[in-house]
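Coordinate inspection notes
The lines below spell out each chain.
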Amino acid sequence: MALDSLWHAYNTAGYEALRASPREDALEHFYVALVAYGHDDYPEAAAAAREAVRRQPSNQVFEQGALYLERVLAQGKASVYVDGEAFAAFIRGGSNTALYAQTSEALHTVYDEYEALSLLDIGVGDGLALLPALTQNIRRLDLIEPSEAMLLQTTRQLDAWHVTYRAHQMTIQEFIKASAPTWDVIQATWSLQSVPPADRPKIFAWLKAHGARVLIAEFDVPEFDALYEPARVQHIVARYQDGLAEYEGDGGRVAQGFLMPVMFGYFDRSAARTNYEGPIAAWAEGLHAAGFEQVDTTLIYPYWWADSYLIDAR
Ligand SMILES: C[S@@+](CC[C@H](N)C(=O)[O-])C[C@H]1O[C@@H](n2cnc3c(N)ncnc32)[C@H](O)[C@@H]1O
C-alpha cells in the first residue's frame, strides 16, 4: 500500500530515517510534510508540500497545505491558528448549512412530541442547533456553556425573543458536581466530543439519572491506532479534499484560517488534545453501559468529515 514503506521507516528508525527515505509520488511527499510538521521541522515540511503540489497541482489539500506551511515557516506556528472570522464563514457556509438545518429539524420534531417539556442543552455554543429548533411547549430551558462569548450570543437571541432560560457558564464536569433537577430531554450537539473518554462514564451515569431522554449529535469517526498510520493520513487527506471543495470560491479564507490549522493539528504531536471523536457505535455502547435501555441512532446528514448521527437514548 502507498505510504507503507515510509511508515515502516518512521516507525522502526524514527523521523530522520523517514526524511532520508526515497519518495515516489505526491502523496508520499505530502506524508513527509505532515510528519515533518509534527516534528517542528518546518523547512522540510514546506519543501515536501511544495513538491507534492508540483507533482499533483490539482489536489487542493496539497495546495492549501503548502500555502499554510509557507506561512508557518515565515511566521511560526503560534501565530498561524484558527481565526474567528474564518471559523464563522466555515460554520455558516458549505454543507454546514444543511447539517445544522437537518439537526435542528430533528430536535424540533422531538420537542413537538411533548405537550410540555423541560430541556437542558449541554455545550449550547452560540445556539446554532438549538435556536432554530425551539418550540412553544418548552416550559423550562437550561443552558450549559463554558465559553462566555458563545453563551452570550445564545442568551442575547433568547432575550430578544423573550424566552425564559437559566444559563450556567461552566463545563458539564463542573455542572454535575452540584445537585440538579431532572429534565424531559437533555441534548448535546457536538459538545460531548470535548469530554475526555475517562470522564464519560460518570457523565453518562449523570445523564441517566437526570434525563428521561438524551439526544446527542455526533460524527461517526473511525478510530486509528497511531498518529502517522498510513490509513489515518489517507483518511484525513481524502476527507479534507471534500471539505476544501465546499469553500473553493472564497479565496482561501476558510482553508487558511480554519481548515488547514485544524487538519495540521491532527498531526501535531505537541498539541494538547481537545477533541475525542469516535465511532457512533462507541457512543451507543457507553450509553447502554450507563443504563439506557433503548438507544437509537439515525443518520442526520452525510457531512464531508463524517456521517452525522442523532443518538436518541431512553
Ligand atoms: C462544536 S461546538 C457545538 C456548539 C453547539 N452545541 C452547536 O451545535 O453548534 C462545541 C461546544 O461545546 C462546548 N464545550 C466544550 N467543552 C465542554 C464541556 N466540558 N462541557 C460543556 N460544554 C463544552 C464548547 O464551548 C462549544 O460551545
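Keep in mind that what you see is a predicted model, and the values were worked out from it rather than measured. (Residues numbered from 1 in each chain as written. Predicted model: local features only at pLDDT ≥ 70, side-chain atom pairs only at ≥ 80, totals over all residues. Heavy atoms only, no water.)

**A short note on the overall build of the protein**
Which entries qualify depends on this criterion: Think of it this way: any DSSP run of H or I at least four residues long counts as a helix, any run of E at least two long counts as a strand, and we number them from the N terminus. In this setup the radius of gyration rests on C-alpha atoms only. A globule is expected at 2.2 Å times the number of residues raised to 0.38. Partly exposed describes any residue whose relative accessible area lies between the buried limit of under 20% and the exposed limit of over 50%, with all areas from a 1.4 Å probe on protein chains only and scaled to the type maximum. We call two residues in contact when some of their heavy atoms are within 4.5 Å. Within this scheme the basic residues Lys and Arg register as positive and the acidic residues Asp and Glu register as negative, but His and the chain ends are omitted. For the purpose of locating charges, the reference atoms are NZ of Lys, CZ of Arg, CG of Asp and CD of Glu.
Regarding its fold elements, the protein presents 13 helices and seven strands. A globule of 314 residues ought to have a C-alpha radius of gyration of about 20 Å, and the protein, at 22 Å, matches this closely. By its C-alpha atoms, the protein is 65 × 40 × 30 Å across when sized along the principal axes. Among the 314 residues that make up the protein, the fraction classed as buried is 51%. Long-range contacts, defined as pairs at least 24 residues apart, comprise 68% of the intrachain contacts of the protein with a sequence gap of at least 6. The distance from the centre of the 23 positive side-chain charges to the centre of the 42 negative ones in the protein is 4 Å.

**Describing the sheet that holds strand 2 (residues 138-144)**
Stated precisely, the cut-off is as follows: For two strands to pair, DSSP has to find at least two bridges joining them. Structural elements are reduced to axes, namely lines fitted to C-alpha atoms, with helices fitted over the stretch in contact, and the angle between N-to-C directions of any two is expressed from 0 to 180 degrees.
Pairing is mixed across the open sheet formed by seven strands, whose spatial order is 3-2-1-4-5-7-6. In the strand order of this sheet, the two ends are held by strand 3 (166-168) and strand 6 (295-302), each with one partner. With strand direction ignored, the average angle separating the axes of adjacent strands in the sheet is 15 degrees. Relative to strand 2, strand 1 (residues 117-122) runs parallel, the two sharing six bridges. By the bridge assignment, Leu117 is partnered in strand 2 with Ile138. Docked against the sheet, helix 8 (residues 148-160) engages strand 2 and strand 3, running at close to 160 degrees with respect to strand 2. Packing of helix 10 (residues 200-210) onto the sheet brings it into contact with strand 1, strand 4 (183-189) and strand 5 (211-219), and relative to strand 5 it is tilted by some 140 degrees.

**Considerations on the packing of helix 5 (residues 60-75) against helix 12 (residues 253-265)**
Applied cut-off: Put simply, angles under 35 degrees are roughly parallel, angles over 145 are roughly antiparallel, angles from 65 to 115 are roughly perpendicular, and the rest are oblique. Residue polarity follows a fixed list, in which Ala, Val, Leu, Ile, Met, Phe, Trp, Tyr, Cys and Pro are nonpolar, Asp, Glu, Lys and Arg are charged, and the others, Gly among them, are polar.
Where helix 5 meets helix 12, the closest approach of the two axes is 10 Å, and the angle between their N-to-C directions is 95 degrees. Between helix 5 and helix 12, the interaxial angle falls into the category roughly perpendicular. Across the interface between the two elements, Val61, Gln64, Gly65, Leu67, Tyr68, Leu69 and Arg71 from helix 5 touch Ala255, Gln256, Met260, Pro261, Met263 and Phe264 from helix 12. Residues of the contact of helix 5 with helix 12, tallied by class, amount to nine nonpolar, three polar and one charged.

**Quick look at the pattern of salt bridges**
When the charged atoms of two side chains lie near each other, side chains of opposite charge can form a pair. Put simply, the test is: A pairing counts as a salt bridge when a side-chain nitrogen of Lys or Arg comes within 4 Å of a carboxyl oxygen of Asp or Glu.
Considering all chains together, one arrives at 16 salt bridges under this definition. A salt bridge links Arg55 to Glu51, with the nearest nitrogen and oxygen atoms 2.8 Å apart. Here Arg55 pairs with Glu51, and both are found in helix 4 (residues 42-55), just four residues apart, close to one helical turn. Given the relative accessible area of 39%, Arg55 is considered partly exposed. One salt bridge connects Asp268 with Lys77, and the closest N-O pair in it is separated by 3.1 Å. You can see Asp268 sitting in the loop between helix 12 and helix 13 (280-289) and its partner Lys77 sitting in the loop between helix 5 and helix 6 (84-91), a full 191 residues away along the chain. For Asp268, a relative accessible area of 11% translates into the label buried.

**Looking at the layout of surface pockets**
Operational definition: In this analysis a 1.4 Å probe is tested at points of a 1 Å grid over the protein atoms alone, and where it fits but cannot get out there is a cavity; an open set with protein on both sides within 12 Å along at least five of seven lines is a pocket; lining residues have an atom within 4 Å of a point. Grid points are joined across faces, edges and corners, and a volume is the space filled by probe spheres set on the points.
Taken as a whole, the second largest pocket holds about 180 Å³ of empty space. Forming the boundary of the second largest pocket are Leu134, Thr135, Gln136, Ile138, Arg139, Arg140, Leu141, Val163 and Thr164. Here the lining of the second largest pocket is built from residues that sort into four nonpolar, three polar and two charged.

**Overview of helix 1 (residues 4-13)**
Quick note on the threshold: Throughout, the arc means the angular range of directions from the helix axis out to the C-beta atoms.
Turning to helix 1, its buried residues number three or more, namely Leu6, Trp7, Ala9 and Tyr10. For helix 1, the angular spread of the buried residues around the axis is 160 degrees, confining them to a single face. Opposite the buried face of helix 1, by more than 90 degrees, sit the exposed residues Ser5, His8, Thr12 and Ala13. Buried residues in helix 1 make contact with helix 2 (15-20), helix 3 (26-38) and helix 11 (230-245). Count one or two residues on from helix 1 and you reach Gly14, which has phi positive near 95 degrees.

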